[in-house]
Amino acid sequence: MDWHDRSACNQATLLALVFLSAAFPVQAATGAYFQTTGQQFVVGNPLIELTFNAGNGSLLNLVDKVTGRDLISRKVANYNGFFFRFTTPTNSTPQQGGGYVGRLQALTPVRVTTGIQITMKFGQFNVSGTTLNLTATLVITVDDSSPLTSWQLSINNPEQITIESVALPSIAGIGQLSDNPANDYLVFPSLSGVLFQDPAHNFALNRGYGGGGNYPNGYNNMQFLAYYSTESGAGVYLASEDSAGYTKTMNAGKLGTDWMNLAHAYVPPFRLATDMTVPYVVKLGVFHGDWYDAAMIYRNWALQQPWVQNGPLVANTDVPDWYKNTGMMGWKDTFAALGPGNSYASLAQAAAVWKQELQSLPVMDWIAWENQGPWVDDPDFLPPSQGWPAFDSAVSATHAAGGRLMVEPTTNVATVGAPSWSTLQATASQQADGSMYLNKITTLNQNYQSGTETNAQMDPTQPWHDALLSFTSQLAQHGIDLIHMDGNPFPYALCFAANHAHPPGGGNWWFQGLAQIYADVRKAGRAANPNFAMGGEWYAEPFLSLTDSGQDQTNILDPTIIGGSGIIDQTKVSYIPL
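Residues numbered from 1 in each chain as written. Predicted model: local features only at pLDDT ≥ 70, side-chain atom pairs only at ≥ 80, totals over all residues. Heavy atoms only, no water.

Peer 1: What's the story with the nonpolar core in this structure? I'm lost.
Peer 2: Proteins that are soluble and globular tend to have nonpolar side chains buried together. In terms of nonpolar packing, the biggest core is built from 69 residues, with Phe52, Phe84, Met120 and Phe196 touching the most fellow members. The greatest single-element share of this core, amounting to 5 residues, is contributed by strand S15 (residues 162-175). Ranked by size, the runner-up nonpolar core spans 44 residues in total, among them Ala351, Leu382, Ala428 and Ile517. (Core = buried A, V, L, I, M, F, W, Y, C linked by side-chain atoms within 4.5 Å. Buried < 20%, exposed > 50% of the residue type's maximum accessible area, 1.4 Å probe, protein only. Helix = DSSP H or I, 4+ residues; strand = E, 2+ residues; numbered from the N terminus.)

Okay, structure coming up:
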């Protein structure tokens, strides 16, 4: 049965429509079905069933039909569905709205090729006593035989507000699933992969885990969450299917004494009185197994995306063979003030010793080649501290000794006061009040003396692109084999600048800018040396085809510090090879 769009219908009309639908449910002979019961409506298939509130569209039940378990175990459904945060020209403090403060004005179920699609239209969003002139359209598709449902959302916004994030979906009431809560686990795609035991109780109240910063980055390197019971094997699966690097957050937060809220939130460009569409599909559903099985669901989608176009590492001809066959990477300082053991000549000496010891190719991670000292005066690292002739001699000698050379310049901040700062300052990221995001760090100069410098977060726009490409291409031309793009490739904080060559806030301009930088650095390196390699720190899935390696921070971090004070018992956190 197909209903026409009735976006302006009132509550009385809605109730009549619900009654009519109850008499004539939408259902295939087998597979997906839609029906209404009183003030609720239900959509499902033989594997999954979702029950919604007919008044405000909130998700009431998420049932795994194989085990018969409702995975929303704590009924706080007014939070469920979608919500958005917004600001106004006179109030920069984000306010919150969502389906639960609005009215479901129209409900249209239709049979589609693969199953049943329901379209919910919302209006009359009442926020703090004010009704916003917004309409939102939520489309949910339930396939005939899939345990995963697809969610899409758009908001028509003629109001004088700026939508700054949209959670789709936000699922509250995710509580204890097992009889013994020690058998409940939450998997989060952070670092190598993080597994939380009994998070509904072990997260501190009003805390939890959000990875850290915005996707895509090393703390949010993939786009799925999964929460499951090892007793029943049933679990909740939530994933954004975005292949274009849009800015988003992923969060598991404990909002009640024994339940969590799971949410993915898209961060759009910040534009006043502008419509918003989440530019990708979000999947919500059920699965059976543990974190590995959830990862395999995500993997089936991820393997179809552009970032794996070159295939697995063993068959990837874009990665130099010498790099695949590297036996070790060793940090090597060349502070002249520390004597002959730290001279440029010591690079080749160390490479020869390591090659003999390991009978394998060593890569020397060269520290203190920079003009003023390691990570001093970003990005003005050249000329090298002892000049180009000495630099070239060290590179040639290391190659002759059977080793390779790597450098790791910072690629996301510029030093305030560095020689190029006057040119780059205009492209530094800005806070809402116009100030820059500044951070003081401790550095070492070439005399091995410590000092401090102030760094500013940089937008990956053309001036920053040109600055990075300038010094990295010179390093490749002078024989450096591997440039490791140091610095987590994401905005630690969003840029609000209205006069930059990008929209304020989110979208995917940040990833696009970084992707262009990474691609051009690698291209310039390969032009100078066909066997040039490039790595990245804390990288995420969209960067897989843009680099030859990435650094996994679990090589230095203790899992018991994950989540900090947001975790009650740190022994219930572990790393997994996600």
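Peer 1: I tried to follow unusual backbone geometry on my own but got confused; where do I start?
Peer 2: If a residue is not glycine, its phi is most likely negative; likewise, a peptide bond is most likely trans. Of note, the amide linkage connecting Leu168 to Pro169 takes the cis form, showing an omega dihedral of -20°. Within the fold, Pro169 resides in strand S15. We note that Tyr448 has phi near 60°; this positive angle belongs to a residue other than glycine. Of note, Tyr448 is situated in the loop between strand S29 (438-444) and strand S30 (450-457). Residue Tyr448 is classed as partly exposed on the basis of its relative accessible area of 40%.

Peer 1: Help me out: how do you make sense of the environment of Pro374 in this one?
Peer 2: One can find Pro374 in the loop between strand S26 (361-367) and helix H6 (388-400). Looking at Pro374, the relative accessible area reads 7%, which means it is buried. Residues Pro374 and Asp333, spaced 41 residues apart in sequence, show a C-alpha to C-alpha distance of 9.5 Å. In this structure, Pro374 is in contact with Phe335, Ile367, Ala368, Thr443 and Leu444, ignoring residues within four places of it in sequence. (Contact = heavy atoms within 4.5 Å.)

Peer 1: Help me understand the pairing of strand S14 (residues 148-156), please; the structure alone is not making it clear to me.
Peer 2: Each regular strand displays side chains that alternate between the two surfaces of the sheet. Here strand S13 (residues 135-143) runs beside S14; their pairing, made up of 8 bridges, is antiparallel. When the sheet's bridge partners are listed, Ala136 is paired in S14 with Ile155. In textbook terms, the turn of a hairpin is the stretch between consecutive antiparallel strands, and for S13 and S14 this stretch comprises 4 residues. Note that S14 and strand S24 (residues 281-288) share 4 bridges and pair antiparallel. By the bridge assignment for S24, Trp151 is matched with Val282. Here S14 runs beside strand S23 (residues 276-277); their pairing, made up of 2 bridges, is antiparallel. In the sheet register, Ser154 faces S23, and the bridge partner there is Thr277. (Pairing = 2+ DSSP bridges.)

Peer 1: Help me understand the packing of aromatic side chains in this model?
Peer 2: Aromatic rings considered in pairs are described by the distance between their centres and by the relative angle of their planes. Throughout the structure, instances matching the rule amount to 32 aromatic pairs. Here Tyr228 and Phe287 contribute two aromatic rings whose centre-to-centre distance is 6.1 Å and whose plane-to-plane angle is 75°, an arrangement assigned as edge-to-face. Here Tyr228, found in strand S19 (residues 224-229), pairs with Phe287, found in strand S24; they are 59 residues apart in sequence, far enough to count as distant. With respect to burial, Tyr228 and Phe287 carry one shared label: buried. With 5.2 Å between their ring centres and 80° between their planes, Phe381 and Phe471 make a pair best called edge-to-face. In this pair, Phe381 is assigned in the loop between S26 and H6 and Phe471 in helix H8 (residues 462-477), connecting sequence segments 90 residues apart. The class for Phe381 is buried, based on a relative accessible area of 1%. Positioned above the aromatic ring of Tyr280, the side-chain terminus of Lys248 is 4.7 Å from the ring centre. (Phe/Tyr/Trp six-rings, centres within 6.5 Å; stacked < 30°, edge-to-face > 60°. Lys NZ or Arg CZ within 6 Å of the ring centre and 35° of its normal.)

Peer 1: I keep staring at the packing of helix H5 (residues 346-358) against H6 and nothing clicks. Help me out?
Peer 2: Relative orientation and spacing of two packed helices are given, respectively, by the angle between their axes and the distance between those axes. Where H5 contacts H6, the axes come no closer than 8 Å and their chain directions differ by 10°. With respect to H6, the axis of H5 lies roughly parallel. On H6, the residues that touch Leu347, Ala348 and Ala351 of H5 are Ala394, Ala397 and Thr398. Partitioning the contact of H5 with H6 into residue classes produces 5 nonpolar, 1 polar and no charged. (Axes fitted to C-alpha atoms, helices over the stretch in contact; angles between N-to-C directions. Parallel < 35°, antiparallel > 145°, perpendicular 65-115°, else oblique. Nonpolar A, V, L, I, M, F, W, Y, C, P; charged D, E, K, R; others polar.)

Peer 1: Please explain the pattern of salt bridges as it appears in this structure.
Peer 2: Charged atoms that come close allow side chains of opposite charge to pair. Tallying each qualifying case throughout the model produces 10 salt bridges. For the salt bridge of Arg111 with Asp144, the shortest nitrogen-to-oxygen distance reads 2.7 Å. Residue Arg111 is found in strand S9 (residues 103-111), and its partner Asp144 is found in the loop between S13 and S14; the two are separated by 33 residues along the sequence. In this structure Arg111 comes out as partly exposed when scored by relative accessible area, which is 36%. In this structure, the salt-bridge partner of Arg522 is Asp318, at a minimum N-O distance of 3.2 Å. One end of the pair, Arg522, is in helix H9 (residues 509-528); the other, Asp318, is in the loop between helix H3 (291-302) and helix H4 (321-324), with 204 residues separating them in the sequence. Salt bridges sharing partners connect three or more residues here, namely Asp318, Arg522, Arg526 and Asp548. (Salt bridge = Lys/Arg side-chain N within 4 Å of Asp/Glu carboxyl O.)

Peer 1: I would appreciate a short explanation of the sheet that holds S29 in the present structure.
Peer 2: The strands making up a sheet are joined through hydrogen bonds of the backbone, oriented either antiparallel or parallel. If you walk across this open sheet you meet the 3 strands as S28-S30-S29, and the pairing is antiparallel. Looking at the sheet topology across the chains shown, the edges are occupied by strand S28 (413-415) and S29. With strand direction ignored, the average angle separating the axes of adjacent strands in the sheet is 40°.

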